[in-house]
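Observations on chain architecture
Each chain, written out:
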Amino acid sequence: ADPKEGIVSLALDQVDYRQGDARNIESLTKILNEGGFCAVVHCIGLLFDNESGLGDWNRLVSGSGSLPDPKSSYDAITRQTAFNAIEAALDYIMDEEMTTPLPFVFTS
């Protein structure tokens, strides 16, 4: 067995996964207000959006087989959700009066 697999599994077990609509900043703020977070990771992306007319192809090319809802443009899902996460993270830093940086990771 590959020893890296155990390390990756252990690291992923430390992640607090949450479900919500990141287009709605209140959803993000509610989660962060629970406190105790050491970083924010934005890993939301969209392969094909409905504005392009290619949304139905997402079912075939995404690993999850997902279909975007009618309001799911690339801009709304990738850019706006990242801006919302950044704003919510900044509010969290201020509310918690943090004296050390809160890492923010963006991947799409």
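Conventions we followed
- Residues numbered from 1 in each chain as written.
- Predicted model: local features only at pLDDT ≥ 70, side-chain atom pairs only at ≥ 80, totals over all residues.
- Heavy atoms only, no water.
- Core = buried A, V, L, I, M, F, W, Y, C linked by side-chain atoms within 4.5 Å.
- Buried < 20%, exposed > 50% of the residue type's maximum accessible area, 1.4 Å probe, protein only.
- Contact = heavy atoms within 4.5 Å.
- Salt bridge = Lys/Arg side-chain N within 4 Å of Asp/Glu carboxyl O.
- Helix = DSSP H or I, 4+ residues; strand = E, 2+ residues; numbered from the N terminus.
- Phe/Tyr/Trp six-rings, centres within 6.5 Å; stacked < 30°, edge-to-face > 60°.
- 1 Å grid on protein atoms, 1.4 Å probe; cavity = no way out; pocket = protein on both sides within 12 Å on 5 of 7 lines; lining within 4 Å.
- Points joined across faces, edges and corners; volume = space filled by probe spheres on them.
- Nonpolar A, V, L, I, M, F, W, Y, C, P; charged D, E, K, R; others polar.
- Arc of directions from axis to C-beta.
- Polar contact = N/O pair within 3.5 Å; in protein donor to acceptor, adjacent residues only side chain to side chain.

Moving on: the nonpolar core. Counting 12 residues, the largest nonpolar core is built from A22, I25, L28, I31, L32, F37, V40, A85, A88, A89, Y92 and L102. Among residues more than four places away in sequence, those in contact with I25 are N84, E87 and A88.

Attention now goes to the pattern of salt bridges. Note that side chains of opposite charge can pair when their charged atoms are close. Scanning all chains against the criterion turns up two salt bridges. R79 is the salt-bridge partner of D75, the closest N and O atoms lying 2.4 Å from each other. Of this pair, D75 and R79 both sit in helix α4 (residues 74-95), separated by four residues, roughly a single helical turn. Judged by relative accessible area, D75 falls into the partly exposed class, the value being 37%. Its relative accessible area of 38% is what places R79 among the partly exposed residues.

With that settled, consider the packing of aromatic side chains. Within the structure shown, the criterion is met by one aromatic pair. Aromatic side chains F37 and Y92 sit 6.3 Å apart centroid to centroid with 75 degrees between the ring planes, which places their arrangement in the edge-to-face category. Residue F37 is found in the loop between α2 (25-32) and β1 (40-42), and its partner Y92 is found in helix α4; the two are separated by 55 residues along the sequence. Classification of F37 by relative accessible area gives buried; the value is 19%. Look at Y92 and you get buried, because its relative accessible area is 4%.

Now for the side chain of S73. Among the structural elements, S73 can be located in the loop between α3 (58-61) and α4. Setting aside anything within four residues of it in sequence, one finds S73 in contact with L46, D49 and E51.

There is about 850 Å³ of room inside the largest pocket. Forming the walls of the largest pocket are 24 residues, and the residues nearest its centre are D16, Y17, R18, V40 and V41. Counting residues per element, the ones that place at least two in the lining of the largest pocket are α2, β1 and α4. Sorting elements by how many residues they give to the lining of the largest pocket places α2 first, with four residues. The residue inventory of the lining of the largest pocket, partitioned by class, reads 14 nonpolar, seven polar and three charged. If you add up the space inside the second largest pocket, you get close to 290 Å³. Forming the boundary of the second largest pocket are 17 residues, of which I44, G45, L46, S72 and I77 lie nearest the centre.

Regarding α2, the residues found buried are I25, L28, I31 and L32. Each buried residue of α2 sits inside an arc of 125 degrees when the element is viewed along its axis, so together they form one side. Counted as exposed and oriented over 90 degrees from the buried face of α2: E26 and K30. Considering only its buried residues, α2 is in contact with β1 and α4. At the N-terminal end of α2, a side-chain oxygen is found 3.0 Å from the backbone nitrogen of E26, two or three residues along, and the residue is N24.

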